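A closer look at the structure
Residues per chain are reported as follows:
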Amino acid sequence: MDRVSAFDEPLKKLLGGPTAKVMAEHLDLHTVGDLLHHYPRRYEERGRLTALTDLPLDEHVTVVAQVADARVLTFNGGRGKRLEVTLTDGHGRLQLVFFGHGVHKPHKELLPGRRAMFAGKVSVFNRKMQLAHPTYQLLDADPGDDAEATEAVDAFAGKLLPIYPACKQLDSWRIAKAVDAVLPSAREAVDPLPASLREGRGFTPLPEALLKIHRPATKADVAAARDRLKWDEAFVLQVALARRRYADTQLPAVARRPTPGGLLDAFDAKLPFTLTDGQQKVSKEIFDDLATEHPMHRLLQGEVGSGKTLVALRAMLAVVDAGGQAAMLAPTEVLAQQHHRSITEMMGELAEGGMLGGSDQGTKVVLLTGSMGTAARRQALLDLVTGEAGVVIGTHALIEDKVKFHDLGLVVVDEQHRFGVEQRDALRSKAATQGEKRSPHLLVMTATPIPRTVAMTVFGDLETSVLDQLPAGRSPIASHVVPAKDKPHFLSRAWERVREEVENGHQAYVVCPRIGDDEDDPGKKGKKKTAEEEATADKRPPLAVLEIAEQLAKGPLHGLRVEVLHGRMQPDDKDDVMRRFAAGDVDVLVATTVIEVGVNVPNATAMVIMDADRFGVSQLHQLRGRVGRGSAPGLCLLVTEAHEASPARARLGAVAATLDGFELSRIDLEQRREGDVLGQAQSGVRSSLRVLNVIDDEEVIAAARQEAVAVVAADPELEHLPELRTALDALLDKEREEYLDKG
């Protein structure tokens, strides 16, 4: 077997079909290399018990503990059997529960005093933490049955037990056995680090690092292996990004400089306020980029309400001044319509170029969405292809093949994390002018603050601009957690507060995670649960807009004008509701997260987020930014039934405690599991990050970026570093490399 193909060997050959199938479907592991890069999450020391006091609710855990007692209970008049086992580690206790036919084996094996490794999902039943039907492996000898238990002891005695990221179908120790089968291939590992870099930093050779991370003899082994593997991850990723940035500098683009006395100057003269220092600084960075002959790739970060749209609009007008066209992509139709409305309002007669009463310096601003009528759509397409429309705002409908531009100079993407990279790429490919391939300039806007290390890692091919000043006149927002289950009177008070805001002439949002029509949860009604299902049931379905709106209108908000807004409504109906809410004709808007970005109603002062624990930290921060947009202070109430000690409650406490988006994004990252940062949301393929932590390893990432830039500057095609090329192909497989290509 040659040294490259050892890592490409399918797992099916070594582990057999069933195990390989579970690994592929549930852990996204397909080859020997994938499994060797599936590192232990932590290590248990033989003889030490796991702390049972701080197990995370609703997560799949592996614990090592001792059986304190076990008893069989009957129910259903003696027809059903349940085995309850209590574990202890000297500090905390944890209950295990087994049902039906699953009772016999554990009843014989899990005797008081036995030690074992247990794996299962943590749930709460009757206010106690429990694992229902966990899998387990005994770790000590049963005097009555020496052979099997002794084998388990021999396997683990005196060693650090690796605990792997596992799944319900495959627990940690089975993964450990599979790793044993492929571990000899670690010796075939191709080392991606240039020799000078490896020796200069004194790193452990790669084969040795892989052996030590999976089967360490000491904690020092783990530390040395992690240091080395972190560097590989950071360096290979930064090389890919550095190559992307280098390639971008080689691409042609049309330099776009605004015309003095043109559209941009006319627009600036109309503004009723002066730009903040931050807006002026960021605008200069963007205009400098637009004036070069290779494409701008810039990320514009700014808190909700920091004036990103205004900065982006000025860039768009500069491009129109220079004879080009600008397109703004929004993630939803509601948001595209909102942007179109606010931009045409800001521009006034300047948005009516070529129309009666329009300005001579103006241009046409068109909206293009999937649900437009045929005639309006045909006219918009015509305006784009003739160049009559300088600015177009739309959803991904802009990317369809039939949409042709006269001369696309700038693409602005709003809320990048909601928009697929392939879609951005498709729009960029539309900038071919007269058959000549020229990339448009690209500006990506996000209201999700991103820590510097993540920006270097996830958006490493984009230059970053940050708007960190809020315009004058924005009001503070008070945030509170409302524990609905523990303190129902707090929820009653929340609805009283909403009523008080409305009585003071203001308006409120109520946000729910679900719409609540039949399409939401088919076939869930009418089926009685068994005792086992009751004990292991997931939480109730998330609260729904349609149900909550009805309850509020009949109950605590009776007499107020309550309306609903969600993504499955007809676009005209959505627009109608938003217009009436903006005009003050609706008191309370019960909505899904469709209002998360871009909705601007300064008179809305209160927001109640139902089942707030079902939303992510940055999403809660985004939603909260919808209130307090006028002169009156804002109020955000986070309603939850989450257990007081749960990670979900800690997350909500963090959101309530600070309005600083950067601080929250840091907390968010610290609480997520590995793989999420560069995971599905960004690239559509598995994250390549295994041991690198983008929060803690800032120095590693910064140093790796520096080394990567130097390597790529000296050898852009990596002709003299074939091992690094191989690692790029393996770690950042083709799909992921393309993702980076699409920027």
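Fair warning: this is a prediction, and the values are worked out from it, not measured in the lab.

Considerations on the overall build of the protein
Within the protein, the secondary structure is distributed over 28 helices and 21 strands. The burial tally for the protein puts 53% of its 743 residues in the buried class. In the protein, the proportion of contacts linking residues at least 24 apart, taken out of those at least 6 apart, comes to 74%. Carbon and sulfur atoms make up 51% of the accessible area of the protein, which totals about 32,800 Å².

A short note on the pairing of strand β9 (residues 297–302)
Within β9, six of the six residues are buried, which leaves the element mostly enclosed by the surrounding structure. Of the two faces of β9, the one carrying H297, L299 and Q301 and the one carrying R298, L300 and G302 are both buried. Bridge count between β9 and strand β14 (residues 441–446): five bridges; the pairing is parallel. Paired with L299 across the strands is V444, a residue of β14. Two elements, β9 and strand β15 (residues 463–467), share five bridges in a ladder whose sense is parallel. Counterpart to R298 in the pairing with β15 is E463.

Focus: the sheet that holds strand β16 (residues 477–483)
Backbone hydrogen bonds are what pair the strands of a sheet, in a parallel or an antiparallel way. Pairing is parallel across the open sheet formed by six strands, whose spatial order is β16-β21-β20-β17-β19-β18. Every interior strand has two partners, whereas the edge strands, β16 and β18 (562–565), have only one. Averaged over all adjacent pairs, the angle separating strand axes in this sheet is 20°, with direction ignored. Here four bridges tie β18 to strand β19 (residues 588–591), and the two strands are oriented parallel to one another. Counterpart to L565 in the pairing with β19 is A591. Set on the sheet, helix α21 (residues 571–582) makes contact with β17 (507–511), β18, β19 and β20 (604–609); between it and β18 the angle comes to about 135°. This element, helix α22 (residues 617–624), spans β16, β17, β20 and β21 (634–640) of the sheet and lies at about 150° to β20.

Points about the sheet that holds strand β11 (residues 364–368)
With parallel pairing, the seven strands of this open sheet are ordered in space as β11-β12-β10-β13-β14-β9-β15. Of all strands in the sheet, those with a lone pairing partner are β11 and β15, marking the two edges. The sheet shows a mean angle of 20° between the axes of neighbouring strands, taken without regard to direction. Each of β10 (325–329), β11, β12 (389–394) and β13 (408–414) is contacted by helix α14 (residues 333–347), which is oriented at about 170° to β11, the strand it contacts most.

Re the environment of R705
As for its placement among the helices and strands, R705 is situated in helix α26 (residues 698–714). C-alpha separation for the pair R705 and V239, spaced 466 residues apart in sequence, amounts to 7.4 Å.

Let's talk about the nonpolar core
The biggest cluster of nonpolar side chains holds 40 residues, and the ones touching the most others in it are M347 and L410. If one sorts the elements of this core by residue count, helix α13 (residues 308–321) sits on top with 10 residues. Setting aside anything within four residues of it in sequence, one finds M347 in contact with F267, K270, L313, L317, T363 and V365. Counting residues in each nonpolar core, the second largest holds 33 residues, with L11, L27, L35 and V179 among its members.

Things to note about the side chain of K212
Among the structural elements, K212 can be located in helix α9 (residues 206–214). A polar contact is formed between the side chain of K212 and the side chain of E208, at a distance of 2.9 Å.

Points about the pattern of salt bridges
The full count for this structure, using the stated rule, is 35 salt bridges. Here R228 and D232 are joined by a salt bridge, their closest N and O atoms 2.8 Å apart. In this pair, R228 and D232 are both assigned in helix α10 (residues 219–250), four residues apart and thus about one turn of the helix distant. Among the salt bridges present, the one from R497 reaches E501, with a minimum N-O distance of 3.2 Å. Separated by four residues within a single helix, R497 and E501 lie in helix α18 (residues 488–503), roughly one turn from each other. Residue class for E501 comes out buried when judged on its relative accessible area of 10%. Linked through salt bridges whose partners overlap, the residues forming this network are R493, E496, R497, E500 and E501.

Some points on unusual backbone geometry
Within the chain, H133 stands out as a residue other than glycine whose phi angle is a positive 45°. Its relative accessible area of 32% is what places H133 among the partly exposed residues. For L718, which is not glycine, the phi dihedral falls at a positive 55°. Tracing the backbone through its elements, the reader meets L718 in the loop between α26 and α27 (722–731). On the basis of relative accessible area, L718 is assigned to the buried category, the value being 1%.

A closer look at the environment of I175
Relative to the helices and strands, I175 is located in helix α7 (residues 172–182). The class of I175 is buried, set by a relative accessible area of 0%. Setting aside its immediate chain neighbours within four residues, I175 contacts M23, L27, L35, H38, Y164, P165, A166 and L170.

Some points on the packing of α9 against α10
Interhelical geometry of α9 versus α10 gives an angle of 125° and a closest axis separation of 8 Å. The orientation of α9 with respect to α10, classified from their angle, is oblique. Crossing of α9 over α10 shows left-handed handedness. Across from L206, A209, L210, K212 and I213 in α9, the residues of α10 making contact are D221, A225, R226, R228, L229 and D232. Classifying every residue of the contact of α9 with α10 gives six nonpolar, no polar and five charged.

About the cut-offs
- Residues numbered from 1 in each chain as written.
- Predicted model: local features only at pLDDT ≥ 70, side-chain atom pairs only at ≥ 80, totals over all residues.
- Heavy atoms only, no water.
- Helix = DSSP H or I, 4+ residues; strand = E, 2+ residues; numbered from the N terminus.
- Buried < 20%, exposed > 50% of the residue type's maximum accessible area, 1.4 Å probe, protein only.
- Contact = heavy atoms within 4.5 Å.
- Areas by Shrake-Rupley, 256 points an atom, 1.4 Å probe, with all protein chains shown as cover.
- Pairing = 2+ DSSP bridges.
- Axes fitted to C-alpha atoms, helices over the stretch in contact; angles between N-to-C directions.
- Core = buried A, V, L, I, M, F, W, Y, C linked by side-chain atoms within 4.5 Å.
- Polar contact = N/O pair within 3.5 Å; in protein donor to acceptor, adjacent residues only side chain to side chain.
- Salt bridge = Lys/Arg side-chain N within 4 Å of Asp/Glu carboxyl O.
- Parallel < 35°, antiparallel > 145°, perpendicular 65-115°, else oblique.
- Left-handed = near helix turned anticlockwise from the far one by under 90°.
- Nonpolar A, V, L, I, M, F, W, Y, C, P; charged D, E, K, R; others polar.

Everything listed here is a matter of coordinates, which is why it stays silent on function.
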